[in-house]
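Read off the chains here:
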Amino acid sequence: MAITTNSIHMCSHVVAKTPKIPSFKLSEKSVSGVSCTGRKWKRNVFPRAQETVQVGLEGSESRRKSKVLEGNLELDVAAERELREKGFLGLRKTKLVCTVGPACSSMEELERLALGGMNVVRLNMCHNTREWHRDVIRNIKRLNEEKGFCVSVMIDTEGSQIHVVDHGSPSSVKVEEGSVWLFTAEKFDGSRPLTVQTNYEGFSEGINVGDELVIDGGMACFEVIEKIGSDLHCRCSDPGLFLPGAKFSFWRDGRLVQRNHELPTLSHKDWADIEFGISEGIDFVAMSFVNDADSIRHLKNYLSTKSCRPIKVLAKIESLESFQKLEEIVEASDGIMVARGDLGVEIPLEKIPTVQEDIVHVCRQLNKPVIVASQLLESMVEYPTPTRAEVADVSEAVRQYADALMLSAESAIGLYGHKALAVLQMASSRMESWSREENRQRFLEQRQLGVSLIDRIAEQICNSAVEIANNLAVDAIFVYTKHGHMASLFSRNRPNPPVFAFTDDDSTRMAMNLQWGVTPLLVDLSDDIEANIKVTISLIKSKGLLEEGDSVLVVSDVTPTVSTPLSFQSIQVKKV
Ligand SMILES: Nc1ncnc2c1ncn2[C@@H]1O[C@H](COP(=O)(O)OP(=O)(O)OP(=O)(O)O)[C@@H](O)[C@H]1O
Ligand SMILES: CC(=O)C(=O)O
Ligand SMILES: [K+]
Ligand SMILES: [Mg+2]
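Residues numbered from 1 in each chain as written. Chains lettered and ligands numbered in written order. Predicted model: local features only at pLDDT ≥ 70, side-chain atom pairs only at ≥ 80, totals over all residues. Heavy atoms only, no water.

Colleague: If you had to explain the packing of helix H5 (residues 268–280) against helix H6 (residues 293–306) to someone new, which residues and values would you point to?
Modeller: The contact between H5 and H6 brings their axes to 11 Å, and the two run at 40 degrees. With respect to their mutual orientation, H5 and H6 come out oblique. Between H5 and H6 the crossing geometry is right-handed. Residues Trp271, Ile274, Glu275 and Ile278 of H5 touch H6, and the partners they reach there are His298, Leu299, Tyr302, Leu303 and Lys306. (Axes fitted to C-alpha atoms, helices over the stretch in contact; angles between N-to-C directions. Helix = DSSP H or I, 4+ residues; strand = E, 2+ residues; numbered from the N terminus. Parallel < 35°, antiparallel > 145°, perpendicular 65-115°, else oblique. Left-handed = near helix turned anticlockwise from the far one by under 90°. Contact = heavy atoms within 4.5 Å.)

Pasting the structure below:
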């Protein structure tokens, strides 16, 4: 194997208490030619008494002795297949999440979805029994272990929200204009007409006569005409439909009456579901009806003490309150879901597109993965083809550079879940390639995230490396990462080539499944960077995925020595 190398190594050794900002000098040679030679960084002569940053160039042959690693590489079989069919550039970047329900919970259906590119399974704990969810999780783990998939598992908490438990029918009920309905927390005999039972006895606290009650963001509207105890008598002002489990909101003078704080973000059942998730080895918890950053921090702390395997916490933005505290929630969480279904109950529908764009933007700025969810292809619950408007909606989320798209009822109860997944695949691949052609990633502004010098170096390296990778049109970016941080710094630049993120930590691998453009691979890593590079290139080559003449850009954040407080990072461009 003749590997031509060009490399930029950056290392910092911080001793000074008040670090000064280093200046990097990259000579033109270092990024243009393929076989230039230069100053080689020597670990043993590296000065220790002061903060230093060096940029070195390495010759075509690595002289460092490399320890030979065992050649075992785990790459998701669906990604591998896509790579063979479409090549590096054709590999889909936007991740796909499927809600699993009765329509797709069998081993065969799950495998079909995994082959169709499903990266993450979502289990909505609102529905079905824990035993049912356990079977699904175990089936997914079996598929991963026995068939070589890499599908992560997310549980989505039920959360506390005021909703309808009984409206007198198992299906939808028409609401006529002018009809007067009783809203109560009391259980009633189902034959009593025009009565709605809610799940929470304090549902009408703070509500006055004259307030407006809106069902499911506009399915029907009522005016509160009388309040007796906690019961409300309401007259229909805008006729429509009551669906099972309908959600409602109260409005006064055209503004939402905010009352989410009355209920705990995580109920007793949610905590029990989380315990269950920990014991089943899930990868993500999506927290419903988050109202502040404290609840996220609380759950993260809890998980870090209770689960030996790191579990990522995603905050669902589905209330006006959470949108108003967006930045602090994004900062506290490991990722975000734009839960457009319930969000549409609390904000006017016409605001959803701009709210979505704002949320995706903030997530890009703060480098947190974001999922756009709900009703993406709703018509496909019944029909085998989407509406043109749905395809436009999906494409818009991809154009905004969301990390992931999610199917809900389309896969959970729909007849055409696998077709809906294929539509997401096609629409996202198409929009990604258009965005590449248009060079749209230049519109992404990167906010500096790191405070310490080492973190800032990592960010700068990744930003520059993506520019190099795009300009040189390398086939792939290889990054070696313990916790996925470097991979995320690449991902946030939305590079043209795919990012192959090699890690030896299974939970890191599963967490990277939500990151745009990152293909996670599990491999044994050593402290020896050169050995890691050599082995992984040869493993990818032996699978026939890299050919003679292909080029890869390689970045490593694996620290070469553990005994010194030394951070070492390098960029290399290799021609295979
Ligand atoms: N595990 C399941 N068992 C039975 N039905 C399910 C299951 N998961 C989802 N469904 C069905 O699919 C529909 C859409 O699912 P989804 O979980 O996305 O609902 P949602 O209301 O959008 O989510 P949330 O309750 O978190 O707001 C649900 O209304 C439900 O009928
Ligand atoms: C996904 C979800 O919870 C919602 O859209 O409301
Ligand atoms: K939920
Ligand atoms: Mg919801």
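Colleague: Break down the coordination of the magnesium ion (ligand 4) for me, with residues and values.
Modeller: Protein coordination of the magnesium ion (ligand 4) is provided by Glu318 (OE) and Asp342 (OD), with donor distances spanning 2.0 to 2.1 Å. The distance between the magnesium ion (ligand 4) and the potassium ion (ligand 3) comes to 5.2 Å. Taken as a pair, glutamate 318 in the loop between strand S18 (312–317) and helix H7 (320–324) and aspartate 342 in helix H9 (residues 340–346) lie far apart in primary sequence, 24 residues in all. On the basis of relative accessibility, which here comes to 12%, the residue aspartate 342 falls in the buried class. (Donors = N, O, S within 2.8 Å, 3.2 Å for Na, K, Ca; no water. Buried < 20%, exposed > 50% of the residue type's maximum accessible area, 1.4 Å probe, protein only.)

Colleague: Summarise the coordination of the potassium ion (ligand 3); cite the residues concerned and give the values.
Modeller: In this structure, Asn124 (OD1), Asp156 (OD) and Thr157 (O) serve as the protein donors to the potassium ion (ligand 3), at separations of 2.7 to 2.9 Å. The motif formed by the donor residues of the potassium ion (ligand 3), counted along the single chain, is N-x31-D-T.

Colleague: So what about unusual backbone geometry? Which residues, and what values?
Modeller: Although it is not a glycine, aspartate 216 adopts a positive phi angle of roughly 45 degrees. Within the element layout of this structure, aspartate 216 appears in the loop between strand S11 (212–215) and strand S12 (220–228). Positive phi values are uncommon outside glycine, yet phenylalanine 289 reaches one of about 50 degrees. Tracing the sequence through the fold places phenylalanine 289 in the loop between strand S17 (284–287) and H6. On the accessibility criterion, phenylalanine 289 (10% relative accessible area) is buried.

Colleague: Describe the domain arrangement of the protein chain, and please don't skip the residues or the numbers.
Modeller: Under the domain assignment used here, the protein chain contains domain 1 (4–75 + 450–493 + 517–575), domain 2 (92–151 + 263–440) and domain 3 (164–262). In this assembly, seven residues from domain 1 lie in contact with seven residues from domain 2. In this assembly, domain 1 and domain 2 are joined by zero salt bridges. Put simply, domain 1 and domain 2 have three residue pairs in polar contact (both at pLDDT 80 or more) between them. Tallied by class, the residues present in the side of domain 1 that touches domain 2 amount to three nonpolar, three polar and one charged. (Domains from an automatic or database assignment. Salt bridge = Lys/Arg side-chain N within 4 Å of Asp/Glu carboxyl O. Polar contact = N/O pair within 3.5 Å; in protein donor to acceptor, adjacent residues only side chain to side chain. Nonpolar A, V, L, I, M, F, W, Y, C, P; charged D, E, K, R; others polar.)

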